[in-house]
Amino acid sequence: MHAMVLKKPGTALEWTELPDRLPGPGEIRVKIAACGVCRTDLHVMDGELPDLHFPIIPGHEIVGRIDALGPGVAGLRVGERVGIPWLAHTCGVCPYCLEDQENLCDRPLFTGYTRDGGYATSAVADARFAFPLGEIGGDVELAPLLCAGLIGWRSLSIAGNGRNLGLYGFGAAAHIVAQVAGWQQRSVFAFTRPGDATSQAFARRLGAIWAGGSDEMPPKPLDAAIIFAAIGDLVPLALKAVRKGGRVVCAGIHMSDIPSFPYSLLWEERQLVSVANLTRQDGIDFLRLAPEIGIVTQTTRYPLDQANRALSDLRAGRFDGAAVLVP
Ligand SMILES: [Zn+2]
Ligand SMILES: [Zn+2]
C-alpha cells in the first residue's frame, strides 16, 4: 500500500510505500476510493492536538470497498462499500459508553489521529465503526459526509430547533449543514471571513438568506449559531448575534483562545456549548437521511500524492466546499 505519512508535526506529508496490512480480529481492510480533507487534519499536521504519535496517516472521511475481513466480522462482506469515520473505536465499558455518549468515551481511538487513516490506498478499521454506504452516490461526493456532514449534523441537533440559524465559517461542514437546515425550513445566516465575497455567494447559492462578514451583525437576532471556524474571536461575536436564550455551538476540535468578553453577552440565558466527535447513532441517523434531503456536496479532487497541496489550499481558503483525495 501507499500512504501520505506525517512523520513529524509541522512538516509536509511524505509519499511512502508500506507493507500491506492484514485485518485483525473484528477488523476490515478497505481499498480506499476517496478520502475527504478536514480542518482537523490541519490541526494534526500542526501538532495542535494532544496524544499525537508519529508517524501517522491522517484522514478520517474514508469511502472504499472492503477487500479483506478479519476473524469474527459479522454483517459486512468483501466488496461492500463502506465509510470509515472519525470515531474509530470506543471502550464500551466507561461511564460515557454505558450512557449512550460514546462520543465522549474515556479510551477512544480516532481515525487519522490516534489510528492510521485514509490518506492512503488502503486502511484497516474496526468493523463495528464502519458505516455501510450502499450504492447510491459517488465515492468522492460521499466522502465529506463522513465528518463534515456527521459533525455538522450533530452540531445542528445540539443547536436546537430554532428557526434562525447562524453558521460561522462557510466551509465543508457549513455547506452541508446549510442544505440540511434549508430542508428543515430554517433560515440560514452565513458568516465568512470579512470581504470573502466568493464564499458569501457560495452560501447564498446553497440557500442562505443572508451572508456577510463575521464582523457584521445579522439583520435579525439568531436563535442559534454554530461556529465551524477554529477562531476563538468568533465566540463573543456569535454570542452578540443570538437572542435571549439563544445557543452558540462550537463545532471544532481545536480553536484559538477565546478572548475575554463582558458577561452581558452571556447573560439572559444564552448558552455556549461545544460538540465533540460523533456517536455511531449520529452516523446511522444522518446517512439514512442524507439521500432524502438530497444533499449535494461540492468537492475539489486532488490525487492522493497531492495531499499537501489540498491541505495548503484548505488553509488558504482556495476552494469552496470540500477537498477530496483520490488514490
Ligand atoms: Zn473532520
Ligand atoms: Zn468508553
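Look up a bit, the structure's there.
J.: For this particular structure, what's the right way to read the packing of helix H4 (residues 148-159) against helix H8 (residues 280-293)?
T.: Helix packing geometry: the angle between the two helix axes and the distance between the axes. As a packed pair, H4 and H8 sit with axes 10 Å apart at the nearest point and diverge in direction by 105°. Between H4 and H8, the interaxial angle falls into the category roughly perpendicular. The segment H4 lies against H8, with Gly149, Leu150, Trp153 and Arg154 engaging Asp282, Gly283, Asp285, Phe286 and Leu289. Residue composition of the contact of H4 with H8, grouped by class: four nonpolar, two polar and three charged.

J.: How do you make sense of empty space enclosed by the protein when you look at a structure like this?
T.: In this approach the atoms are scanned with a rolling probe the size of a water molecule, which exposes any empty space left behind. This structure, assessed with the given rule, holds one cavity of 30 Å³ or more. Of the volumes computed, that of the largest cavity is approximately 50 Å³. Contributing to the lining of the largest cavity are Ile84, Pro85, Leu87, Ala88, Thr111, Arg115, Val124, Ala125, Asp126 and Phe129. Listed by contribution, the elements that provide at least two residues to the lining of the largest cavity are strand S6 (87-89) and strand S8 (122-126). Of the residues forming the lining of the largest cavity, the biggest block, three residues, is contributed by S8. Partitioning the lining of the largest cavity into residue classes produces seven nonpolar, one polar and two charged.

J.: Sorry if this is basic, but what is going on with the packing of aromatic side chains here?
T.: When we look at a pair of aromatic rings, we describe it by the centre distance and by the angle of the planes. Counted by the stated rule, this structure contains ten aromatic pairs. Look at Phe110 and Tyr113: their rings are 6.1 Å apart centre to centre, the planes differ by 10°, and that puts the pair in the stacked class. When its relative accessible area of 9% is taken as the criterion, Phe110 is described as buried. For the pair Phe189 and Trp210, a centre-to-centre distance of 6.5 Å together with 40° between the ring planes defines the contact as tilted. Here Phe189, found in strand S11 (residues 187-192), pairs with Trp210, found in strand S12 (residues 210-213); they are 21 residues apart in sequence, far enough to count as distant. Here Phe189 and Trp210 have matching classes, each one buried. In this structure an aromatic cluster arises from ring pairing among Tyr168, Phe189, Phe191 and Trp210. Taking NZ or CZ as reference, Arg280 lies 3.9 Å from the ring centre of Phe129, over its face.

J.: What is the right way to look at the state of the cysteines in this model?
T.: A covalent bond bridging the sulfur atoms of two cysteines is what the word disulfide describes. Scanning the entire structure with this criterion turns up zero disulfides. Cysteine Cys250 remains unbridged, with the sulfur of Cys38 as its closest cysteine sulfur at 16 Å.

Criteria and cut-off values
- Residues numbered from 1 in each chain as written.
- Chains lettered and ligands numbered in written order.
- Predicted model: local features only at pLDDT ≥ 70, side-chain atom pairs only at ≥ 80, totals over all residues.
- Heavy atoms only, no water.
- Axes fitted to C-alpha atoms, helices over the stretch in contact; angles between N-to-C directions.
- Helix = DSSP H or I, 4+ residues; strand = E, 2+ residues; numbered from the N terminus.
- Parallel < 35°, antiparallel > 145°, perpendicular 65-115°, else oblique.
- Contact = heavy atoms within 4.5 Å.
- Nonpolar A, V, L, I, M, F, W, Y, C, P; charged D, E, K, R; others polar.
- 1 Å grid on protein atoms, 1.4 Å probe; cavity = no way out; pocket = protein on both sides within 12 Å on 5 of 7 lines; lining within 4 Å.
- Points joined across faces, edges and corners; volume = space filled by probe spheres on them.
- Phe/Tyr/Trp six-rings, centres within 6.5 Å; stacked < 30°, edge-to-face > 60°.
- Buried < 20%, exposed > 50% of the residue type's maximum accessible area, 1.4 Å probe, protein only.
- Lys NZ or Arg CZ within 6 Å of the ring centre and 35° of its normal.
- Disulfide = S-S within 2.5 Å.

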